[in-house]
Amino acid sequence: MDPLNPTGKPTGQGGAAQSSASQRVAALTPTEAAPALPSRDVSPLIRELGLTEDDAAEPTALVSPDDLLRVAQALKERGFMLMDSVGLDYSTYTQPRPKRLAVLHNTYHPHDHRRLFLRVWLDDGEPLTSLYPVWKAANYLEREVYDLMGVPFTGHPDLRKVLTPDDLEGHPLRKDFPLGETPTLFRDGRFLDPAAFRAGLTGQSSGLTGYRGELRRGQGSDRTPPVMPEGGPK
């Protein structure tokens, strides 16, 4: 045994490096379990606010028009902010819905990353309370819903169109808005009729007139491709 090194551990440059590396590993080894991340489940919050959870892909609560301002204020006090507001027209939806229109407010908590959508059902022409007194971000968001869906917001400071011309009649995102489309002609003679194509997508029709979409499902193989009428679309 070396009297100058009674521990028997290696010394010198290599030994110093080994000891330093061991100290770094020990310093990096956690002595306690990492704290659990906050839950993003908003079901307790929905119950706390006295709301009903909607059956949707994202966490959504049903809110009555008269209760919207209270719920929004309660969410703001808990740190939520308004991210987006959209309008939806269910007039051609394949399944029954409580009313024709719905406004969906997207709220988000920037610290624990919880998200909660507020769905409000409305009849055509029924006004909805503006969220501008709670979140100033509602200004342009509600103006867009007013412009494209025709939902009026009471208490909004400047409810004007924001996207379409002032002299445009109607609201472009409603299902009954006339789009003024024309059939699309393909090089092999097929053509796509917009109205029939839209009817097929929405379930109003079992087929897509003028379009051989059924061939993609293994049907209609005995049919000849539809061709454009002589002289173009009628």
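Before reading further, recall that the structure is shown in the block above.
Nothing here was measured: the structure is a model prediction, and the numbers come from that model.

## A look at the sheet that holds strand β3 (residues 81–89)
Here five strands make up an open sheet; going across it, the order is β1-β2-β5-β4-β3 and the pairing mixed. The sheet terminates laterally at β1 (52–53) and β3, the two strands that pair on one side only. Relative to strand β5 (residues 115–122), strand β4 (residues 101–108) is paired through eight bridges, and the arrangement is antiparallel. Within β5, the position partnered with Ala 102 by the bridge is Trp 121. Strands in contact with helix α3 (residues 68–77) are β4 and β5; relative to β5, the strand with the most contacts, it is inclined by about 170 degrees.

## Quick look at the pairing of β5
Of all eight residues that make up β5, seven are buried, and the element is covered over most of its length. For strand β2 (residues 60–62) and β5, the ladder comprises three bridges, and the chain directions are parallel. Along β5, the bridge assignment pairs Thr 60 with Phe 117. Counting the residues that bridge the hairpin from β4 to β5 gives six residues, and of these His 113 lies at a positive phi of roughly 65 degrees.

Conventions adopted
Residues numbered from 1 in each chain as written. Predicted model: local features only at pLDDT ≥ 70, side-chain atom pairs only at ≥ 80, totals over all residues. Heavy atoms only, no water. Pairing = 2+ DSSP bridges. Helix = DSSP H or I, 4+ residues; strand = E, 2+ residues; numbered from the N terminus. Contact = heavy atoms within 4.5 Å. Axes fitted to C-alpha atoms, helices over the stretch in contact; angles between N-to-C directions. Buried < 20%, exposed > 50% of the residue type's maximum accessible area, 1.4 Å probe, protein only.

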